Amino acid sequence: MSGLLAGKRLLVTGVITDASIAFSVAKLAQENGAQVVLTGYGRLSLVERIAKRLPEPAPVIELDVSNEEHLAGLADKVREHVDGLDGVVHSIGFAPQSCLGGGFLDAPWADVATALQVSTYSYKSLAMAALPLMSAGGAVVGLTFDATKAWPVYDWMGVAKAGLESASRYLALHLGKQGIRSNLVAAGPLRTIAAKSIPGFDRFEDAWTERAPLGWNLTDQEPAARACLALLSDWFPATTGEIVHVDGGYHAIGA
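Since this is a predicted model, take the numbers as computed values, not measurements.

If you tally the helices and strands in the chain, you get eight helices and seven strands. On C-alpha atoms alone, the chain measures out to a radius of gyration of 17 Å, which is about the 18 Å that the 2.2 N^0.38 rule sets for 255 residues. Considering only C-alpha atoms, the chain reaches an extent of 45 × 40 × 40 Å along its principal axes. Across the 255 residues of the chain, 53% fall into the buried class. Restricting the contact set of the chain to residue pairs at least 6 apart, pairs at least 24 apart contribute 75%. As displayed, the chain has an accessible area near 11,600 Å², and 54% of this comes from carbon and sulfur atoms.

Applying the stated criterion across every chain, the model contains eight salt bridges. Among the ionic pairs, Arg79 bridges to Asp76, the shortest N-O distance being 2.9 Å. Highlighted residues: Arg79 and Asp76, both in helix α3 (residues 68-79), separated by three residues, approximately one helical turn. The partner of Asp146 in a salt bridge is Lys149, and the shortest N-O contact between them spans 3.4 Å. Looking at Asp146, the relative accessible area reads 8%, which means it is buried. Residue Lys149 is classed as partly exposed on the basis of its relative accessible area of 40%. Each of Arg9, Asp83 and Asp86 takes part in one network of salt bridges that share partners.

Looking at where Ser125 falls in the secondary structure, it is placed in helix α4 (residues 109-130). Taking relative accessible area as the criterion, Ser125 reaches 7% and is therefore assigned buried. Among all residues touching Ser125, those that are not within four sequence positions of it are Val65 and Leu71.

Cut-offs used in this document
Residues numbered from 1 in each chain as written. Predicted model: local features only at pLDDT ≥ 70, side-chain atom pairs only at ≥ 80, totals over all residues. Heavy atoms only, no water. Helix = DSSP H or I, 4+ residues; strand = E, 2+ residues; numbered from the N terminus. Rg over C-alpha atoms; globule rule 2.2 N^0.38 Å. Buried < 20%, exposed > 50% of the residue type's maximum accessible area, 1.4 Å probe, protein only. Contact = heavy atoms within 4.5 Å. Areas by Shrake-Rupley, 256 points an atom, 1.4 Å probe, with all protein chains shown as cover. Salt bridge = Lys/Arg side-chain N within 4 Å of Asp/Glu carboxyl O.

Shown next as structure tokens:
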């Protein structure tokens, strides 16, 4: 077995369609020597069909990150397929419609709480659920959208991503003593199912394609996926608490 992730065992969440970043991560990971286990929630049969499009069909475990029973049983379910984990990919985010599209001032707490639990707190929850399977050298990698700025229409999801970025730093602090890293990839806008669910998200698209120094392809998930693979590999053994921007350089350019 050869490749950047030769012999690695990975748990990848968030594969919904083959246009998702998570699918690209799983595909490239297999092509680079990793064993991959997927998780799905809700339309599990859809995830199972998508899993068959990978180079090697991957097993799918049901996981609702807001369900304590699912989290408590995750390690045992993963052990049915692999004997441990070297990496976990968090590609999970959700916010009720009231929290997006300009509704920042009116969104009720119950909806905001849902957005924060699923999009932010779940990063810690998933890491802790997988921790019994991990050892020194392991890595947790999540996906964010630059939360240093307030973006039109992103609203409470932007707040959730800011929390995710902070949570990753705290996870890096608390898991570092066990030799486990926590890093995020901040991808530019991509035409995924998640993006399409945000009213007015297309307002981001022109800005990125026009201003990113390296240009930006709205339908190419591979650059973000490659960054995830690099952070999961052994090539970043002393990097944790970091956010790697994969956005064509847009974040570095002034208005």
